[in-house]
Protein chains: 2
Amino acid sequence: MTSTAAPIGPRRPDNAPMGEFELLARLRERLPPPGPQVRLGMGDDAAVTVPAGATATSVDAIVEGVHFRRDRASLRSIGRKGLATALSDLAAMGAAPGEAYVILGIPADLDEDGALEVLDGIGEQALATGTALAGGDVTRSPALSLSFTVVGHAAAPEQLVARGGAAPGDRIVVTGELGGAAAGLLLLEQDELAPAVPEQLSAALLRRQLDPVPRLAEGRALAAAGARAMIDLSDGLGADAGHIAAASSVQMRIEVAALPVCAGVREVAAASGVDPGQLAAAGGEDYELLACVPADRLAEAVSAVAAVGGTSLTPIGEVVAGEGVELRLPDGGRLAPGGFDQLR
Amino acid sequence: MTSTAAPIGPRRPDNAPMGEFELLARLRERLPPPGPQVRLGMGDDAAVTVPAGATATSVDAIVEGVHFRRDRASLRSIGRKGLATALSDLAAMGAAPGEAYVILGIPADLDEDGALEVLDGIGEQALATGTALAGGDVTRSPALSLSFTVVGHAAAPEQLVARGGAAPGDRIVVTGELGGAAAGLLLLEQDELAPAVPEQLSAALLRRQLDPVPRLAEGRALAAAGARAMIDLSDGLGADAGHIAAASSVQMRIEVAALPVCAGVREVAAASGVDPGQLAAAGGEDYELLACVPADRLAEAVSAVAAVGGTSLTPIGEVVAGEGVELRLPDGGRLAPGGFDQLR
């Protein structure tokens, strides 16, 4: 038992490792103040919010060695991407981004400056998307890990778009371009591919892999334009279309020739002996939105996404009676979907 | 490129490891259906809820090797405790438990049955506390980890109790008994301590360590009885009292002799050469509630907690002007607070 008359303050010896509470305090200092919807932010037992209408809540984690490698991505970009991929689930609901909560698992070989760089990346993404970082926790962990909870909002639950509402006759649409993230990953993994594409294109493909943009405004535009089912493309077009097919009890019939393929993907695919259609249809991590809209609202959906100004919307197929996904090739053949399963 | 005419279903070869989607599907089958406040539960991009009033949201993670060891706790109890400790933060706000979201990090040496046991433990705790498991995710991970987000509710934000409202003159109260979790940990770690306490008492101390009960009803009772600041005891009384002191800009003056010490703690402390006051004041993980109530509402608070029927409420000190925590010993000395910091 130690006896001391001094009351205990939050001091630490100068050479001691930074503790949980200090790291959280420094995180709070660096973050933009949350908006008025957050009545009580980080630093208490819980954050207090007063949501109006409906909330969409999603959890998502990325783990070193599984979802990223520190030798291939900056700590800041890991933080940015982690929150981006979590927010992509809110985009796929057509929700407006609201609050984010993060749990940072810090390994022994990451120092305080490193942890703060990850947090800065998270803060950048929060600022870019108008998301309030309302809570967080840090813990020691054998590998760097980022676990996010994101909460989005809509005026009413009916305005949020789930996966189960697709109906035969709906047109299948996708935002942006596909295959870029997979091609970027190949470029990261195989130095010998560098000459395959001009430097500017290569940089763009790496950004698709390392710094994806959640299609938040596009998701809201699609919801407002009558989208009946929507999902974000994290596991790959084939796999994610399969989730809509299963939830809606329909078949997703997609024309591979109609897929909007990202510039440079064909060149990278050719140089690495991979089929470009495979990169676009099964590559994953593009974080574009796949949606099913009633045929008579297709033009409205295309205009609504164009009006956002971020990217375009491309019709790629049709919902039909049946089950599963058909990725139809021009020659009448089929492409096998595939995709990324977190546990495999 | 593979060509196949068959649409893709959710089948897998019999000997393949269980994938993310199947594990989540089996988790959903095992869970009690969420209540009407959850419009859309697990299995979509996000859960949809329609909260009324104010929400309290907290995130919490436990990691193998940092917060638990698989050779000392059953997988089921790890799941139970993980959700209990997360819900304890809602108790400390005086919130009614609402929804929980979990991310399970699964290491290579945990098989499907093991993962489902962890999930069963989480499901048991959800059922015991009336919490709806509204969402989840699984990922591979180098160590077993459980990341929780819990959402609680109150009619208005003013009904939720933060850490910053304590004022000089308030009485400091604590629910239940202290030191049991720390004594239970000693029993787990040192086989030679077993003879120190009768088997029944030893079992009770182990339960305090392995299967804590979140004081949810007590937290609401304290909030209704005018508690102005509240926190749950996870890091240890001294450390957690320090958080209230810092947030409220007051000094927390606590009488060590007044602390309600759990039965068996003195015996375990004596056998292992530790001071029992240290176990009660710095041991951590008791998950009791520490609150500050206006002096003229102390009797009401004691009655309100007693009426819940789970445990008692003990006055242990007074809020005074100043800063930090004083743990006062009967001889006029002071006990050093200490406590557990996740990163140290």
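Note that this is a predicted model, so its numbers are computed, not measured.

Caption draft 1: Examining the sheet that holds strand E11 (residues 313–320) of chain B more closely. Residues and elements named next belong to chain B. Reading across the sheet, the seven strands line up as E8-E10-E7-E11-E9-E12-E13 and stay open at both edges, with mixed pairing between neighbours. The outermost strands of the open sheet, each flanked by one partner alone, are strand E8 (229–232) and strand E13 (334–335). Strand direction decides the pairing type here: strand E9 (residues 251–255) and strand E12 (residues 325–328), joined by four bridges, are parallel. Across the sheet, Ile254 pairs through a bridge with Leu327, a residue of E12. Here helix H10 (residues 298–308) sits on the sheet and contacts strand E7 (171–175), strand E10 (289–293) and E11; the angle it forms with E11, its principal contact strand, is near 150°.

Caption draft 2: The arrangement of the pairing of strand E6 (residues 145–154) of chain B in detail. All names here are of chain B. Counting buried positions along E6 gives ten out of ten residues, so the element sits mostly inside the fold. Neither face of E6 is open: one carries Ser145, Ser147, Thr149, Val151 and His153, the other Leu146, Phe148, Val150, Gly152 and Ala154, and all of them are buried. Strand direction decides the pairing type here: strand E3 (residues 54–63) and E6, joined by ten bridges, are antiparallel. From the neighbouring strand, Thr55 faces E6, where its bridge partner is His153. Alignment of strand E4 (residues 96–106) against E6, held across nine bridges, turns out to be antiparallel. Across the sheet, residue Ala100 finds its bridge partner in E6, namely Val150.

Caption draft 3: Spotlight on the environment of Arg228 of chain B. Residues and elements named next belong to chain B. In this fold, Arg228 is placed in the loop between helix H6 (216–224) and E8. In this structure, the C-alpha to C-alpha distance between Arg228 and Gly310, residues 82 residues apart in sequence, is 22 Å. With near-sequence residues (within four places) excluded, Arg228 lies in contact with Gly165, Ala166, Ala167, Asp170, Cys292, Val293 and Pro294.

Caption draft 4: The arrangement of the sheet that holds strand E11 (residues 313–320) of chain A in detail. Residue and element names in this part refer to chain A. The strand order across the open sheet formed by seven strands is E8-E10-E7-E11-E9-E12-E13, and the pairing between neighbours is mixed. Single-partner strands in this sheet number two, and they are strand E8 (229–232) and strand E13 (334–335). The pairing of strand E9 (residues 251–255) with E11 spans four bridges and is classified as antiparallel. Across the sheet, residue Arg253 finds its bridge partner in E11, namely Glu318.

Caption draft 5: Up close: the domain arrangement of chain A. All names here are of chain A. Split by domain assignment, chain A resolves into domain 1 (20–28 + 54–159) and domain 2 (171–335). Each of domain 1 and domain 2 has a C-alpha centre, and the two are 24 Å apart. Residue-level contacts link 19 residues of domain 1 with 20 residues of domain 2. Among the secondary structure elements, those contributing two or more residues to the side of domain 1 that touches domain 2 are helix H2 (75–91) and strand E4 (96–106).

Caption draft 6: Main features of the nonpolar core. Core analysis: the biggest nonpolar cluster contains 222 residues, and Leu222 and Ala227 of chain A together with Leu222 and Ala227 of chain B have the highest contact counts within it. The contact partners of Ala227 of chain B, leaving out residues within four places of it in the chain, are Gly94, Val161, Leu222, Ala291, Cys292, Val293 and Ala301 of chain B.

Caption draft 7: Broad picture of the confidence of the model for chain A. Residues and elements named next belong to chain A. In the predicted model, chain A carries a mean pLDDT of 89, and 91% of its residues have values of at least 70. For the stretch residues 1–17, pLDDT sits under 50, and the model shows 27 contacts to residues farther than four places along the chain or on other chains. This model gives residues 339–344 a pLDDT under 50, and the stretch forms 27 contacts once residues within four places in sequence are excluded. Here the predicted complex scores 0.89 on pTM and 0.87 on ipTM.

Caption draft 8: Main features of the packing of helix H2 (residues 75–91) of chain B against helix H3 (residues 112–129) of chain B. Residue and element names in this part refer to chain B. Relative to each other, H2 and H3 sit at 40°, their axes nearing to 7 Å. Between H2 and H3, the crossing angle belongs to the class labelled oblique. With respect to the hand of their crossing, H2 and H3 are arranged in right-handed fashion. Seen from H2, the contacting residues are Leu75, Arg76, Ser77, Ile78, Gly79, Arg80, Gly82, Leu83, Ala84 and Leu87; seen from H3, they are Gly114, Glu117, Val118, Leu119, Asp120, Gly121, Ile122, Glu124, Gln125, Ala126 and Thr129. Considered class by class, the residues forming the contact of H2 with H3 number nine nonpolar, seven polar and five charged.

Caption draft 9: Focus on the environment of Gly169 of chain A. Residue and element names in this part refer to chain A. Relative to the helices and strands, Gly169 is located in the loop between strand E6 (145–154) and strand E7 (171–175). Among the residues examined, Gly169 registers 14 C-beta atoms within 10 Å and is labelled partly exposed. Taking C-alpha positions, Gly169 is 30 Å from Asp275, a pair spaced 106 residues apart along the chain. Setting aside chain neighbours within four positions, we find Gly169 in contact with Ala295 and Val319.

Rules of the game
- Residues numbered from 1 in each chain as written.
- Chains lettered and ligands numbered in written order.
- Predicted model: local features only at pLDDT ≥ 70, side-chain atom pairs only at ≥ 80, totals over all residues.
- Pairing = 2+ DSSP bridges.
- Helix = DSSP H or I, 4+ residues; strand = E, 2+ residues; numbered from the N terminus.
- Contact = placed C-beta atoms within 7 Å.
- Axes fitted to C-alpha atoms, helices over the stretch in contact; angles between N-to-C directions.
- Buried ≥ 20, exposed ≤ 12 C-beta atoms within 10 Å, placed from the backbone.
- Domains from an automatic or database assignment.
- Core = buried A, V, L, I, M, F, W, Y, C linked by C-beta atoms within 7 Å.
- pLDDT = per-residue confidence, 0-100.
- Parallel < 35°, antiparallel > 145°, perpendicular 65-115°, else oblique.
- Left-handed = near helix turned anticlockwise from the far one by under 90°.
- Nonpolar A, V, L, I, M, F, W, Y, C, P; charged D, E, K, R; others polar.

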